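Coordinates in review
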Amino acid sequence: MALVEREHIDERAGRLSEATAGDFIGLLKPRVMSLVVFTAFVGMVLAPATPNPLLAVISMIAIAVGAGAAGALNMWYDADIDAVMSRTAKRPVPLGRIEPGEALGFGLFLSVFSVVILGLLANWMAAGLLAFTIFFYAVVYTMWLKRSTPQNIVIGGAAGALPPMIGWAAVTGTVTLESFVLFLIIFLWTPPHFWALALFKTDEYGRAGVPMMPNVAGKAHTRRQIFAYAVLVAVCGVLPTVLGFAGLAYGIVAAALGGGFVWYSWRVLRDGGADKNAQPEKALFGFSLVYLFAIFAALLCDGLIARFGG
Amino acid sequence: MPEDNRKPNDNGDSDRIKPTKAQLNARRNRSIAIAVALAIFVILLYLASIMKLGPAVFDRAM
């Protein structure tokens, strides 16, 4: 039991933490992390080299931990706005289960740790990209863009789009046009995904003071932007086949998925907010999640067949 | 938010912190998680070192 000099006791020191390991795992944004792991894995599989399986697994863990560290730094900085939004109010810092300083220390430690491990066991190109991703998400997006411009998730989306490029670099040590296309698919997918959410959570973002596109430029403008980005995503989705690093079957699946994305975005544009329950926006948001998972799953299948199937 | 656990001693001074059951359970949970994470880390790093450096890692001149 701790014996503490009386003069050193203050209000905060008098409380012992009730945070469990689960709370700290919650700081890492496990759902975002699972998407990062999945897309980074696809990047590794598509890369034109065969890594040692164990080193590949450790690289995946390092990428996942690095992404989680960025999430912890985001939760440290954004605790004030997380507390006023229903989607984020139950995160460990706004709930008071983890002190902001603990989240900061945890995030910084894991950031350095993950980058060093990836550098030592894979290569420093991949480690540099991971470090850039963490910096971009925590500093450029969270601390700067998120509260200052409606283009926040457009530019900040680069952080979420980098994992397949890191996975590719972990295997090859290079950044190529192919890995850039994987980056581009997620980068262009991010704005319509988050703006669909922002269209039916406009009030919450407004209350939190986050200048999302619907709050700043209006919902009609946002709907047009969503449609434009959906078209770009659909075109970009078939680029792997056009550029020759994915097969025709993938191209057909990607075209169908892209068509679906454009269709759901068209419904949002055509509805123009007439549906008070925001069903078109909610449907687009749901489909966008399916789209990203499905298109990377299709790339994964294509890559595995190319590697082992013939 | 965890409660304030400072308990007064015989002199009425609050110089000791007595953890509640919830806090002790949480601390035990965190300790086990740290132990498991460290064990996994050590095993993975050992195996990775062997993979990365190969059997020659044992052939160093002393």
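Summarised in this report is the structure supplied together with it. The numbering scheme is per chain: residues are counted from 1 as the chain's sequence reads. In the order they appear in the text, chains get letters beginning with A and ligands get numbers beginning with 1. Confidence filtering applies because this is a predicted model: local features only for residues at pLDDT of at least 70, side-chain atom pairs given and counted only at 80 or more, and all residues used for totals across whole chains, interfaces and linings. Each side-chain value is worked out from all heavy atoms of the structure, with water and hydrogens disregarded.

**Some remarks on the packing of aromatic side chains**
Residues and elements named next belong to chain A. Here is the rule: rings of Phe, Tyr and Trp (six-membered ring for Trp) pair when centre to centre is within 6.5 Å. Planes less than 30 degrees apart are stacked, more than 60 are edge-to-face, and the remainder are tilted. Counting across every chain of the model gives 15 aromatic pairs over all chains. With a centroid separation of 6.0 Å and 80° between ring planes, the pair formed by F200 and F285 is classed as edge-to-face. Taken together, the positions of F200 in helix 10 (residues 177–200) and F285 in helix 16 (residues 279–309) put the pair 85 residues apart, joining distant regions of the chain. Ring centres of Y264 and F287 lie 4.7 Å apart, and the angle between their planes is 20°; on these two criteria the pair is classed as stacked. Pair noted here: Y264 is in helix 15 (residues 248–271) and F287 is in helix 16, with a separation of 23 residues, a long-range link. Each residue gets one of three labels from its accessible area relative to the maximum for its type: buried under 20%, exposed over 50%, partly exposed in between, using a 1.4 Å probe on protein chains only. Residue Y264 is classed as partly exposed on the basis of its relative accessible area, which comes to 24%. Put simply, the rings of F261, Y264, F287 and Y291 pair up and form one aromatic cluster. Strands here mean DSSP runs of E at least two residues long; helices mean DSSP runs of H or I at least four residues long; both are numbered from the N terminus.

**Quick notes on unusual backbone geometry**
Residues and elements named next belong to chain A. A positive phi is found at K29, a non-glycine position, where the angle reads about 50°. Relative to the helices and strands, K29 is located in the loop between helix 1 (21–27) and helix 2 (30–46). Look at A278: it is not a glycine, yet its phi comes out positive at around 55°.

**Considering helix 7 (residues 124–145) of chain A**
All names here are of chain A. Taking 1.5 Å of rise per residue, 22 residues should cover 32 Å, yet helix 7 covers just 28 Å from first to last C-alpha, more than 12% shy of that figure. Note that the bend at a residue is defined as the angle between axes fitted to the seven residues ending at it and the seven residues starting at it. In the structure, helix 7 departs most strongly from a straight axis at F136, where the bend amounts to approximately 35°. Polar contact criterion, stated in full: a pair of N or O atoms within 3.5 Å, where within protein one must be able to donate a hydrogen and the other to accept it, and residues adjacent in sequence count only if both atoms are side-chain atoms. One side-chain oxygen of the residue at the start of helix 7 lies 3.2 Å from the amide nitrogen of M125, identifying that residue as N123. Under the convention used throughout, the expected extent of a helix is 1.5 Å for every residue step, that is, one less than its residue count.

**A word on the pattern of salt bridges**
All names here are of chain A. In the sections that follow, a salt bridge refers to a side-chain nitrogen of Lys or Arg positioned within 4 Å of a carboxyl oxygen of Asp or Glu. Across all of its chains, the model carries 6 salt bridges over all chains by this definition. Across the pair R223 and E281 runs a salt bridge, and its minimum N-O distance is 2.7 Å. With R223 in helix 13 (residues 219–237) and E281 in helix 16, this pair connects stretches of sequence that are 58 residues apart. With relative accessibility at 6%, the residue R223 sits in the buried group. One salt-bridge network, in which partners are shared between bridges, spans D78, D80, K146 and R147.

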